[in-house]
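# Architecture and fold: a report
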Amino acid sequence: STGVYRVSLNLHFFDLFGDIDILGGLYLAGGGAAVTGIIDQKDVTGNNDQNFFGQTVVELQATTAYEFRAEFAGGGGQSPFPAGTNMLYPSFEIHKVA
């Protein structure tokens, strides 16, 4: 239903090193435009297995389809893939607040 929602995104990935940029957000479904950014980080640690969390509040419409998306840019040619170390998986949450 249309309303204000708290959206949370947890990205836990391997192969994050070499100044790679990590972006996560909520987008219009089917490859559409960004609705809101949630995560915007740059790896400077050289740590291969990392977890990133972000949260924001946004108004969403009942008749619109949305998708969460993670994007990686830069780095040294690596191919990040989801991690489940310590039972911490990539995940999202949508909670209506108003």
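Residues numbered from 1 in each chain as written. Predicted model: local features only at pLDDT ≥ 70, side-chain atom pairs only at ≥ 80, totals over all residues. Heavy atoms only, no water.

## Some words on the packing of aromatic side chains
Threshold: Here a Phe, Tyr or Trp ring, Trp counted by its six-membered ring, pairs with any other such ring whose centre lies within 6.5 Å, and the pair is stacked when the planes are under 30 degrees apart, edge-to-face when over 60, and tilted otherwise. Going along the chain from the N terminus, every DSSP run of H or I of four or more residues is numbered as a helix, and every run of E of two or more is numbered as a strand. Partly exposed residues are those whose accessible area sits between 20% and 50% of the maximum for their type, while under 20% is buried and over 50% is exposed, using a 1.4 Å probe and protein chains only. For a ring to carry a charge above it, either NZ of a lysine or CZ of an arginine must fall within 6 Å of the ring centroid while also lying within 35 degrees of the normal to the ring plane.
For the structure shown, the criterion picks out three aromatic pairs. Look at phenylalanine 14 and phenylalanine 81: their rings are 5.2 Å apart centre to centre, the planes differ by 40°, and that puts the pair in the tilted class. Of this pair, phenylalanine 14 sits in strand E1 (residues 3-14) while phenylalanine 81 sits in strand E6 (residues 81-82), placing them 67 residues apart in sequence. Residue phenylalanine 14 is classed as partly exposed on the basis of its relative accessible area, which comes to 22%. When the ring centre of tyrosine 27 is taken as origin, the NZ or CZ atom of arginine 69, which lies over that ring, is 3.8 Å away.

## A few points about the pattern of salt bridges
Heads up, the condition is: Salt bridges are defined as contacts in which a side-chain nitrogen from Lys or Arg sits within 4 Å of a carboxyl oxygen from Asp or Glu.
For the structure shown, the criterion picks out three salt bridges. Between aspartate 21 and lysine 42 there is a salt bridge, with its nearest N and O atoms 3.2 Å apart. Of the two residues, aspartate 21 is situated in strand E2 (residues 20-28) and lysine 42 in strand E3 (residues 34-42); the sequence distance between them amounts to 21 residues. Its relative accessible area of 26% is what places aspartate 21 among the partly exposed residues. Residue arginine 69 pairs with glutamate 67 through a salt bridge whose shortest N-O separation is 2.8 Å. One continuous salt-bridge network, built from bridges that share partners, spans Glu67, Arg69 and Glu71.

## Things to note about the sheet that holds E3
Selection criterion: Whether two strands pair comes down to DSSP finding at least two bridges between them. Lines fitted to C-alpha atoms define the axes here, with helix axes fitted over just the stretch in contact, and angles between the N-to-C directions of these axes take values from 0 to 180 degrees.
Taken together, the three strands give an open sheet; going across it, the order is E3-E2-E5, and neighbouring strands pair in antiparallel fashion. Each edge of the sheet is formed by a strand with only one pairing partner; in this case those strands are E3 and strand E5 (66-74). Looking at each pair of strands side by side, their axes are set apart by 15° on average, direction ignored. Sheet analysis places E2 next to E3, joined by seven bridges and oriented antiparallel. When the sheet's bridge partners are listed, aspartate 21 is paired in E3 with lysine 42.

## Some remarks on the nonpolar core
Here is a general trend for soluble globular proteins: nonpolar side chains tend to be buried in one another's company. Applied cut-off: Nonpolar core, defined: a set of buried Ala, Val, Leu, Ile, Met, Phe, Trp, Tyr and Cys residues in which side-chain atoms within 4.5 Å join the residues together.
In this structure, Val7, Leu11, Leu16, Ile22 and Ile39 are the most contacted members of the largest nonpolar core, which totals 14 residues. Counting residues per element, the ones that place at least two in this core are E1, E2, E3 and strand E4 (50-60). At five residues, the largest contribution of residues to this core is made by E1.

So, to be careful, I would describe these as geometric facts and stop short of saying anything about function.
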